[in-house]
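One letter stands for each residue in the lines below.
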Amino acid sequence: MIKFEYNNSSIDDRMIFDLDEKVKECHKWIEENKEKEDEFLGWVDLPVNYDKEEFRRIKKAAKKIQKDSDYLIVIGIGGSYLGARAVIEAIKGCFDSMIPCDERKTPKIIYAGNNLSPNYLHDLLELIAEKDVSINVISKSGTTTEPAIAFRILREAIETKYGVDEAKKRIYVTTDKNKGALKSLATEEKYETFVIPDNVGGRFSVLTAVGLLPIAASGINIDMLIKGATDARDKYSDQDVKFNDCYKYAVIRNLLYNSGKRIEILANYEPSLHYITEWWKQLYGESEGKDEKGIFPAGVDFTTDLHSMGQYIQDGNRNLIETVICIDESKESIILAEDKENIDGLNYLAGKDLDYINKKAMEGTIEAHVNGNVPNMKITIEELDEENLGHLIYFFEKACAISGLILGVNPFNQPGVEEYKKNMFRLLEKPGYDK
């Protein structure tokens, strides 16, 4: 389902196998601790140990949202929305949200609570003014500033629109099972509620209700998404790095990091994969960026960014790694026709499929970057569907855990993100933050 190639990485098998014992040590730690609530390893067996009853309720709620809503507003930030958005845009394509509501079978999925811009929220409120709307607010605590502000404003808007009782039927809460401000509100107001598992961190939560409810509401088959992740869980359970491509990716990243490569660029050649990159950036940035360590995760959308970032990647600071996601089989086929005038000089491409041209651009770019001393790895997935995306998500999650442990950091906490919040709260004069 996934093919991992590293022949252009400057790392050979001998170098990888030299870290075999370290990999086995990291693998053993995960296996021995995955049942512990406080280690945030619940994602490891999630594809087979998920709550089947909640999964059924997710699909039922998704059908209700599809029936009564033109828009589903997903309120969340970071891992509370990036995974869902990544899957939805990868599967549904770049222009799905532009299809008029009266021509759709599923609601448009739009996002709030991921910024503090009044202009963004004002424009969103104008967009939904004459449309039927449901809300899925996602927050472990309910007090994270961006989603909490958005929920307060949007809740008031739909209560005004529908009345309090009807609005309650259109609000879906994904939060802590037992505690927190949002859980208390959901219980008091009797909102339908789904659980963020205690042992799954936000950036690993796309295959929980956090991601699955909006993904299902968009019309995507979440059974096949879970199947792909289940297959990946089985495939990447081997402790021997020789037989585990997921672990090879983690090892190669660390070997290149130790050789001075400090930035990894995740490149794609399909615009609909843009948010897969955004999700990946959070996954690796929050997991590895600690103790003044870690590869900085960056992303590019090729061939578009070859015309903006291509020069730097080719000739700039040689501290870069490039990992390419390649889709083996394109969903669509467009054949370039011959033009009698040939003013643009493109007749040499006549009769060729655009996907073929795109892949030759990819191959040429990889060759150029490797010749320019940018080590390259390539991850090829068969096609852009639910099963393959579920597999890819689990591949990156497992590799991230192993990579962080090899690096010597805890991949499952994020102490640094609290620092800016303290300063923001002080400047906003929040009680308790006056010093």
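Residues numbered from 1 in each chain as written. Predicted model: local features only at pLDDT ≥ 70, side-chain atom pairs only at ≥ 80, totals over all residues. Heavy atoms only, no water.

1. Re the sheet that holds strand β2 (residues 71-75)
Formally: Whether two strands pair comes down to DSSP finding at least two bridges between them. Each helix is a run of DSSP H or I of at least 4 residues and each strand a run of E of at least 2, with the numbering of both proceeding from the N terminus. To obtain each axis, a line is fitted to C-alpha atoms, and for helices this fit is confined to the stretch in contact; angles are then taken between N-to-C directions over 0 to 180 degrees. The contact criterion used is simple: two residues touch if any of their non-hydrogen atoms lie within 4.5 Å.
One open sheet accounts for 5 strands, arranged β3-β2-β4-β5-β6; its pairing is parallel. Only two strands of the sheet have a single partner each, and these edge strands are β3 (108-112) and β6 (192-195). Strand-to-strand, the axes of this sheet are offset by a mean angle of 20°, without reference to chain direction. Here strand β5 (residues 171-175) pairs with β6 via 4 bridges, running parallel. Across the sheet, the residue bridging to V173 is T193, located in β6. Packed on one face of the sheet, helix α7 (residues 145-162) meets β2, β3, β4 (133-138) and β5 and runs near 155° to β4. Sitting on the sheet, helix α9 (residues 181-189) is in contact with β4, β5 and β6, with an inclination near 145° to β5.

2. A closer look at the sheet that holds strand β9 (residues 320-329)
The 5 strands lie next to each other as β1-β10-β9-β7-β8, forming an open sheet whose pairing is mixed. In the strand order of this sheet, the two ends are held by β1 (2-5) and β8 (296-301), each with one partner. Sheet twist, expressed as the average angle between the axes of neighbouring strands with direction ignored, equals 20°. Judged from the 7 bridges that link them, β9 and strand β10 (residues 376-383) form a sheet pairing that is parallel. Its bridge partner lying in β10, I325 is registered against I379. Each of β1, β7 (263-268), β9 and β10 touches helix α12 (residues 245-258); the most contacted strand, β1, lies at about 30° to it. Each of β1, β7, β9 and β10 is contacted by helix α16 (residues 386-407), which is oriented at about 150° to β10, the strand it contacts most.

3. What about the pairing of β1?
Going by this rule: Working definition: with a 1.4 Å probe on protein chains only, accessible area under 20% of the residue-type maximum means buried, over 50% means exposed, and in between means partly exposed.
Of the two faces of β1, the one holding I2 and F4 is buried and the one holding K3 and E5 is not buried anywhere. Pairing geometry for β1 and β10, over 4 bridges, is antiparallel. The residue of β10 that forms the bridge with E5 is K378.

4. Observations concerning unusual backbone geometry
In this structure, T303 follows F302 across a cis peptide bond, with omega equal to 10°. Residue position: T303 is located in the loop between β8 and α14 (310-315). Positive phi outside glycine occurs at K190, with the angle close to 60°. Mapped onto the secondary structure, K190 falls in the loop between α9 and β6. Positive phi values are uncommon outside glycine, yet E292 reaches one of about 60°.

5. Here's the deal with the layout of surface pockets
How we decide: For cavity detection a 1 Å grid was placed over the protein atoms alone, and a set of points counts as a cavity when a 1.4 Å probe fits there but cannot get out; an open set counts as a pocket when protein lies on both sides within 12 Å along at least five of seven lines, with lining residues being those that have an atom within 4 Å of a point. Grid points are joined across faces, edges and corners, and a volume is the space filled by probe spheres set on the points. Here the term charged refers only to Asp, Glu, Lys and Arg, the term nonpolar to Ala, Val, Leu, Ile, Met, Phe, Trp, Tyr, Cys and Pro, and the term polar to all other amino acids, Gly among them.
For the largest pocket, the calculated volume is near 900 Å³. Lining the largest pocket we find 37 residues, and of these K140, T144, Q414, E418 and K421 sit closest to its centre. Those elements that provide at least two residues to the lining of the largest pocket are α7, α13 (274-288) and α17 (417-427). Tallying contributions element by element places α17 first for the lining of the largest pocket, with 7 residues. Residue classes in the lining of the largest pocket are distributed as 14 nonpolar, 14 polar and 9 charged. When its volume is computed, the second largest pocket comes out at roughly 580 Å³. Elements supplying a minimum of two residues to the lining of the second largest pocket: α3 (46-49), α4 (52-68), β6 and α10 (209-217). No other element matches α4, which puts 4 residues into the lining of the second largest pocket.

6. A closer look at empty space enclosed by the protein
Within the structure shown, the criterion is met by 2 cavities of 30 Å³ or more. Empty space within the largest cavity amounts to approximately 80 Å³. Y269, E270, I325, C326, I327, D355, N358, K359 and M362 are the residues that line the largest cavity. Secondary structure elements with two or more residues in the lining of the largest cavity: β9 and α15 (354-371). Here the lining of the largest cavity takes 4 residues from α15, the largest share from any one element. Within this model, the second largest cavity holds a volume of roughly 30 Å³. Around the second largest cavity, the lining residues are R253, N254, Y257, E288, G294, I295, S403 and L407. When residues of the lining of the second largest cavity are traced back to their parent elements, those giving at least two are α12 and α16. By residue class, the composition of the lining of the second largest cavity is 3 nonpolar, 3 polar and 2 charged.

7. Brief notes about the state of the cysteines
Here is the rule we go by: The definition used for a disulfide is geometric: two cysteine sulfur atoms within 2.5 Å.
Enumeration over the complete set of coordinates arrives at 0 disulfides. In this model C26 remains outside any disulfide bridge; the closest cysteine sulfur is found in C246, 12 Å from its own. There is no disulfide at C326, and the cysteine sulfur nearest it, in C94, is 17 Å away.

8. Details of the side chain of T145
Mapped onto the fold, T145 is located in helix α7. On the basis of relative accessibility, which here comes to 17%, the residue T145 falls in the buried class.

9. Focus on a negative patch on the surface
For clarity, the cut-off: Two joining distances apply to patches: 9 Å for like charges and 5 Å for nonpolar side chains (Val, Leu, Ile, Met, Phe, Trp, Tyr), and every residue must have over 30% relative accessible area and no salt bridge. Note that accessible areas follow from Shrake-Rupley with a 1.4 Å probe, and for residues the cover is restricted to the protein chains shown. We define a salt bridge as a side-chain nitrogen of Lys or Arg found within 4 Å of a carboxyl oxygen belonging to Asp or Glu. Charged-residue counts in this description rest on Lys and Arg as positive and Asp and Glu as negative, His and the chain ends being excluded. All charge positions are set by atom: Lys at NZ, Arg at CZ, Asp at CG, Glu at CD.
A grouping of D328, E329, E382 and E383 is seen on the molecular surface, where their side chains present a negatively charged patch. As for its position among the elements, D328 is in strand β9. A relative accessible area of 42% places D328 in the partly exposed class.

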